[in-house]
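Residues per chain, in single letters:
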Amino acid sequence: ASALSIEAEANTLFSEAFIANKQFECPAPLWLARTRELLRDSCHETPRFSELAKTADLHPVYFARAFRHRYGCSPGEYLRRCRLERATGLLRDMRLSLAEIAMQCGFVDQSHFNHGFRQAYRVSPGEFRLMSKREAKVHCIQDANKMAC
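Conventions used here
- Residues numbered from 1 in each chain as written.
- Predicted model: local features only at pLDDT ≥ 70, side-chain atom pairs only at ≥ 80, totals over all residues.
- Heavy atoms only, no water.
- Helix = DSSP H or I, 4+ residues; strand = E, 2+ residues; numbered from the N terminus.
- Buried < 20%, exposed > 50% of the residue type's maximum accessible area, 1.4 Å probe, protein only.
- Contact = heavy atoms within 4.5 Å.
- Areas by Shrake-Rupley, 256 points an atom, 1.4 Å probe, with all protein chains shown as cover.
- Salt bridge = Lys/Arg side-chain N within 4 Å of Asp/Glu carboxyl O.
- Core = buried A, V, L, I, M, F, W, Y, C linked by side-chain atoms within 4.5 Å.
- Axes fitted to C-alpha atoms, helices over the stretch in contact; angles between N-to-C directions.
- Parallel < 35°, antiparallel > 145°, perpendicular 65-115°, else oblique.

1. Overview of the overall build of the chain
Alright, step 1. Counting its regular elements, the chain contains 8 helices and 0 strands.
Alright, step 2. Secondary structure elements in the chain, listed N-terminal to C-terminal, are α-α-α-α-α-α-α-α.
Alright, step 3. Here the chain holds 149 residues, and the buried ones make up 33% of them.
Alright, step 4. Once local pairs closer than 6 in sequence are excluded, the contacts in the chain between residues at least 24 apart make up 60%.
Alright, step 5. Summing over all exposed atoms, the chain offers an accessible surface of approximately 9700 Å²; the carbon and sulfur share of this is 57%.

Following this line, the structure appears as structure tokens:
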């Protein structure tokens, strides 16, 4: 594995561990967990912030503060993370173009996707795709060697 992919995975693990640690403090209120699931499940869309607050039956300012306090990021930041996480899975499918992946993940265009991806993972989506392809080949060769033994 390359240093870039290891660093990207480490960053993801650290952020997930931080969020998981916050979750063990005490269970999140149901309305907060519901809105977080709504963001995760519909990350290809861009819900209006006022709609999220209305879903939780809260004032938008209180909703934003509670979300950030609980999960360590704003609802918008969480939505971007979900989109990028989904994109990393789709990038392994070589049949999809980068523009198609950007649209399926809810980005306005490929340029917006490229910028967000590079900012989060320090590599472009195309570079990530190439690294994934190389890693898949290595795993395939390793699996073939194990079967030959």
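2. Observations regarding the pattern of salt bridges
Alright, step 1. Tallied over the entire structure, the rule returns 2 salt bridges.
Alright, step 2. Arg68 is the partner of Glu77 in a salt bridge, and the nearest nitrogen-oxygen pair spans 3.9 Å.
Alright, step 3. Judged by its relative accessible area of 44%, Arg68 is partly exposed.
Alright, step 4. Asp93 is paired through a salt bridge with Arg95; the nearest N and O atoms lie 3.0 Å apart.
Alright, step 5. Classification of Asp93 as partly exposed rests on a relative accessible area of 22%.

3. Remarks on the side chain of Ser124
Alright, step 1. On the secondary structure map, Ser124 appears in the loop between helix H7 (110-121) and helix H8 (125-148).
Alright, step 2. A relative accessible area of 14% means that Ser124 is categorised as buried.
Alright, step 3. Sequence-distant contacts of Ser124, defined by excluding residues within four places in its chain, comprise Phe117 and Arg118.

4. A word on the nonpolar core
Across soluble globular proteins, nonpolar side chains show a tendency to be buried alongside one another.
Alright, step 1. In terms of nonpolar packing, the biggest core is built from 17 residues, with Leu91, Ile101, Phe113 and Phe117 touching the most fellow members.
Alright, step 2. When residues of this core are traced back to their parent elements, those giving at least two are helix H5 (75-90), helix H6 (98-104), H7 and H8.
Alright, step 3. In this structure, Phe63, Ala66, Phe67 and Cys73 belong to the second largest nonpolar core, which totals 15 residues.

5. Topic: the packing of helix H2 (residues 30-41) against helix H4 (residues 60-71)
Alright, step 1. Following both chains from N to C, one finds H2 and H4 inclined at 85 degrees, their axes separated by 11 Å at the closest point. Between H2 and H4, the interaxial angle falls into the category roughly perpendicular. From H2, Trp31, Leu32, Ala33, Thr35, Arg36 and Leu39 reach across to H4, where they touch Tyr62, Phe63, Ala66, Phe67, Arg70 and Tyr71.

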